[in-house]
Amino acid sequence: MRMNLVLELLDVPGQLVSVLEPISGLGANLVTVIHKRDSKNENGKIPVQLTLEGEQENLNRVIDRFNELGVDIIEKDGVINKEFISTILIGHIVDKDVRDTTDKINALDGIYVVGFDIKLDGEDKSTALINLEVAYGKKQFAFDEVKKIADEKDLLMINEV
Amino acid sequence: MKECKIIIMGFGSVGQGIAQSIALKKAMIKDKYGVELKVVAAADSSSSAINQDGLEEMLLIHSKNSEGKLSSYPDYGSEVSGLDVLDAVEYDLLMEATPTNIETAEPALSLTHKAFKQGKDVVTSNKGHLAIKFKEITKAAEDNGVEFKYEASVGGAMPIINFSRETLSSCGIKSIIGILNGTTNYILSRMTSEGSTYDITLKESQELGIAETDPTQDVEGIDAACKTVILANSLLGIDATYDDVEVNGISNITSHAINLADKDGYLIKLIAEVSPNTLKVSPRLVKKGSTYDVSGTLNMATIKTDLAGDVTVMGLGAGSLETASAMLTDVISILKDKY
């Protein structure tokens, strides 16, 4: 079986070796490694593309080992690893064009609104819970960008810790 | 027998807690550390009780509560107050528990400087002077070669400053995230369990004495922001003052927000975040069942360290005896070092 992974590594010496070293010991073979040192992402990390070959069980052990090592796996066999985050907005959400708010969030790179629950309170401020689907490692980017939209519309934003 | 002569400045809830805790623990301290604690003066905002041979701790509390003033203390009641108390009697250690003032930091600032100049050690529960002039005041203690301890200023009885410095002394601290204000935690917990509005819950908390008549310092996040500054300076070595903290309180939190969070598996808490990049107090979503899921007036903090990983502490963040316990612990550590 073959498995394609895209990892993200810190740009410090020894990172790539520490990731490659356990692979053969776990019964998997390394087919290709593409280390794109010139294309750092916004976190200053470097994407590394790996193709591995081996029994499914052994490939799973490699994934487990990467998770233990705290290596970020952002893509597996072409499917992007996602995270789900929630945020609450309080303010005049409807008056400040709720459609525009969700459109602006959806326009952000790798961030999608997948849930929107709003409670209205007459003339008072309304409250909305927004569920977002975020590409792996983009959590902070999502919070920062949505905060900008919230600030523009004078909405209080309550984020996850 | 060695002796430690103490002045208690400020005789509200915390000051009275100090007197009571000394009454309860002086025999143990004498037995274990070989030092006799003697309260030689106690002062409220306008009067005092002073006796070089020592005052009765419980009688101080009784006098204050029956007449409203410490000057009513039998035989040794006095009209001397403020800075003058520090000149009126010979003492070794000042236990300072005057109300926090975030604008001028007084009277704590002047009292503390004066005690330092007199070569006396100081233990405080006050946040004002630490939040505005942390560097100035800790340097003054150093320059005068005296001890200055302030465990009680953050988290009441919850151990955090001495704990991080001593018990976690092998570790570097990367950040601290926690709930540092009991009043707002109580209000948010009640809004969650009762489904009540902010205004009604605040009123209930005031009736119970958990929130003050003027709740601004608590509900607008000012109190938690002061503690953020103290932790930033004392544990992360960040040279910050109150103005560096981004502060949002809980007065805008609707019961709808709490319901929506609840439906999605979250609670809303007033969270203080202390890290080299962020000094912030704001309402945040925390996962139910996580370490941040503590209710009532409890405080908690997760200390992220380089060697030990995450360490979480929890404890009562306010209360008379609880806060005094942290101050008495500070006193004991001074006794261990210097006496």
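Structure: above.
Report on the accompanying structure. (Residues numbered from 1 in each chain as written. Chains lettered and ligands numbered in written order. Predicted model: local features only at pLDDT ≥ 70, side-chain atom pairs only at ≥ 80, totals over all residues.)

### Details of the overall build of chain A
Of the regular secondary structure elements, chain A holds four helices and nine strands. Reading chain A from its N terminus to its C terminus gives the helix and strand order β-α-β-β-α-β-β-β-α-β-β-α-β. The C-alpha atoms of chain A give a radius of gyration of 20 Å, which is well past the 15 Å a tight globule of 161 residues would have. Referenced to the eigenvectors of the C-alpha coordinate spread, the extents of chain A come out at roughly 65 × 30 × 25 Å. Relative to its full complement of 161 residues, chain A shows a buried share of 23%. Considering only intrachain contacts with a sequence separation of at least 6, the fraction spanning at least 24 residues in chain A is 67%. (Helix = DSSP H or I, 4+ residues; strand = E, 2+ residues; numbered from the N terminus. Rg over C-alpha atoms; globule rule 2.2 N^0.38 Å. Buried ≥ 20, exposed ≤ 12 C-beta atoms within 10 Å, placed from the backbone. Contact = placed C-beta atoms within 7 Å.)

### A closer look at the overall build of chain B
Helix and strand content of chain B: twelve helices and 13 strands. The C-alpha atoms of chain B give 20 Å as radius of gyration, which agrees with the globular expectation for 339 residues (20 Å, within 12%). Within chain B, the proportion of its 339 residues that are buried is 51%. When contacts within chain B are restricted to residue pairs at least 6 apart in sequence, long-range pairs at least 24 apart make up 70% of them.

### Brief notes about the sheet that holds strand 5 (residues 79–80) of chain A
Strands belonging to one sheet form pairs held by backbone hydrogen bonds; the direction of such a pair is parallel or antiparallel. Residues and elements named next belong to chain A. In space, the five strands of this open sheet follow the order 2-3-1-4-5, with antiparallel pairing throughout. Two strands in the sheet have a free side with no partner beyond their single neighbour: strand 2 (29–35) and strand 5. Packing against the sheet, helix 1 (residues 15–25) makes contact with strand 1 (2–10), strand 2 and strand 3 (45–53), and its axis sits at approximately 150° to strand 1. (Pairing = 2+ DSSP bridges. Axes fitted to C-alpha atoms, helices over the stretch in contact; angles between N-to-C directions.)

### Regarding the interface of chain A and chain B
Residue-level contacts link 14 residues of chain A with 16 residues of chain B. Elements with a minimum of two residues in the side of chain A that touches chain B: strand 6 (82–91), strand 7 (111–119), strand 8 (126–135) and strand 9 (156–160) of chain A. Of the residues forming the side of chain A that touches chain B, the biggest block, four residues, is contributed by strand 9 of chain A. Two elements, strand 9 of chain A and strand 11 (residues 279–287) of chain B, share two bridges in a ladder whose sense is parallel.

### Examining the environment of Ser126(A)
Residues and elements named next belong to chain A. In this structure, Ser 126 sits in strand 8. On the neighbour-count criterion, Ser 126 (22 C-beta atoms within 10 Å) is buried. Sequence spacing of Ser 126 and Asp 95 is 31 residues, and the spatial spacing of their C-alpha atoms is 9.7 Å. Contact partners of Ser 126, with chain neighbours within four places excluded, come to Ile 93, Val 94, Ile 118, Lys 119, Leu 120 and Asp 121.

### Quick notes on the environment of Asn60(A)
Residues and elements named next belong to chain A. For Asn 60, the location among the structural elements is in helix 2 (residues 56–69). What makes Asn 60 partly exposed here is the crowd of 14 C-beta atoms within 10 Å. Remark: the alpha-carbon pair of Asn 60 and Glu 123, spanning 63 residues in sequence, is separated by 55 Å.

### Examining the pairing of strand 1 of chain A
Residue and element names in this part refer to chain A. Taken together, the nine bridges between strand 1 and strand 3 define a ladder with antiparallel strand orientation. Opposite Leu 5, over in strand 3, you have Leu 50 as the bridge partner. With four bridges connecting them, strand 1 and strand 4 (residues 72–76) associate as antiparallel partners. Note on strand 4: the bridge partner recorded for Leu 7 is Ile 73.

### Quick notes on the nonpolar core
Ile88(A), Ile6(B), Ile7(B), Ile8(B), Ala42(B), Met95(B) and Ala261(B) are the most contacted members of the largest nonpolar core, which has 123 residues in total. In terms of residues, this core owes the most to one element, helix 10 (residues 222–236) of chain B, which gives nine residues. Excluding anything up to four places from it in sequence, Ala42(B) contacts Ile8(B), Phe11(B), Gly15(B), Ala19(B), Ser48(B), Ala49(B), Leu55(B), Leu60(B) and Leu70(B). In this structure, Leu5(A), Val6(A), Ala28(A) and Leu59(A) belong to the second largest nonpolar core, which totals twelve residues. (Core = buried A, V, L, I, M, F, W, Y, C linked by C-beta atoms within 7 Å.)

### Some details on the sheet that holds strand 3 (residues 48–50) of chain B
Residue and element names in this part refer to chain B. Taking strand neighbours across the sheet as the criterion, the seven strands line up as 4-3-2-1-5-6-7 in an open arrangement whose pairing is mixed. Each end of this open sheet is capped by a strand with a single partner; those strands are strand 4 (77–78) and strand 7 (148–149). Two strands pair when backbone bridges link them, and strand 5 (residues 93–96) and strand 6 (residues 121–124) are joined in this way by four bridges, in the parallel orientation. What sits directly across from Leu 93, in strand 6, is Asp 121.

### What about the packing of helix 5 (residues 128–143) of chain B against helix 10 of chain B?
All names here are of chain B. Two elements in contact, helix 5 and helix 10, have axes whose closest approach is 7 Å; the angle formed by their N-to-C orientations is 25°. Looking at the two axes, helix 5 sits roughly parallel to helix 10. Every pair of crossing elements has a handedness; the one defined by helix 5 and helix 10 is left-handed. Packed against helix 5, whose contacting residues are Leu 130, Ala 131 and Phe 134, the element helix 10 presents Cys 226, Val 229, Ile 230 and Asn 233 at the interface. Among the residues making up the contact of helix 5 with helix 10, the classes are represented as six nonpolar, one polar and no charged. (Parallel < 35°, antiparallel > 145°, perpendicular 65-115°, else oblique. Left-handed = near helix turned anticlockwise from the far one by under 90°. Nonpolar A, V, L, I, M, F, W, Y, C, P; charged D, E, K, R; others polar.)

### A few points about helix 4 (residues 139–152) of chain A
Residue and element names in this part refer to chain A. For helix 4, which comprises 14 residues, the first-to-last C-alpha distance of 20 Å matches the rise-based estimate of 20 Å (1.5 Å per residue) to within 8%. The complete set of buried residues in helix 4 reads Ala 142, Val 146, Ile 149 and Ala 150. One side of helix 4 holds all its buried residues, which, seen down the axis, span an arc of 100°. Counted as exposed and oriented over 90 degrees from the buried face of helix 4: Gln 140, Asp 144, Lys 148, Asp 151 and Glu 152. At the exit of helix 4 stands Asp 154, carrying a positive phi of roughly 55°. (Expected span 1.5 Å × (residues − 1). Arc of directions from axis to C-beta.)

### Topic: the environment of Asn29(A)
Residue and element names in this part refer to chain A. Mapped onto the fold, Asn 29 is located in strand 2. Each C-alpha atom of the pair Asn 29 and Glu 57 lies 13 Å from the other, and the pair is 28 residues apart in sequence. Residue contacts for Asn 29: discarding those within four places in its chain leaves Leu 52, Glu 53 and Gly 54.

### Comments concerning helix 2 (residues 57–67) of chain B
Residues and elements named next belong to chain B. Listed as buried for helix 2 are Glu 57, Leu 60, Ile 61, Ser 63 and Lys 64. The buried residues of helix 2 all sit within an arc of 165° when viewed along its axis, so they share a single face. The outward face of helix 2, more than 90 degrees from its buried face, is lined by the exposed residues Asn 65 and Ser 66. For helix 2, the secondary structure elements touched by its buried residues are helix 1 (13–33), strand 2 (35–43) and strand 3.

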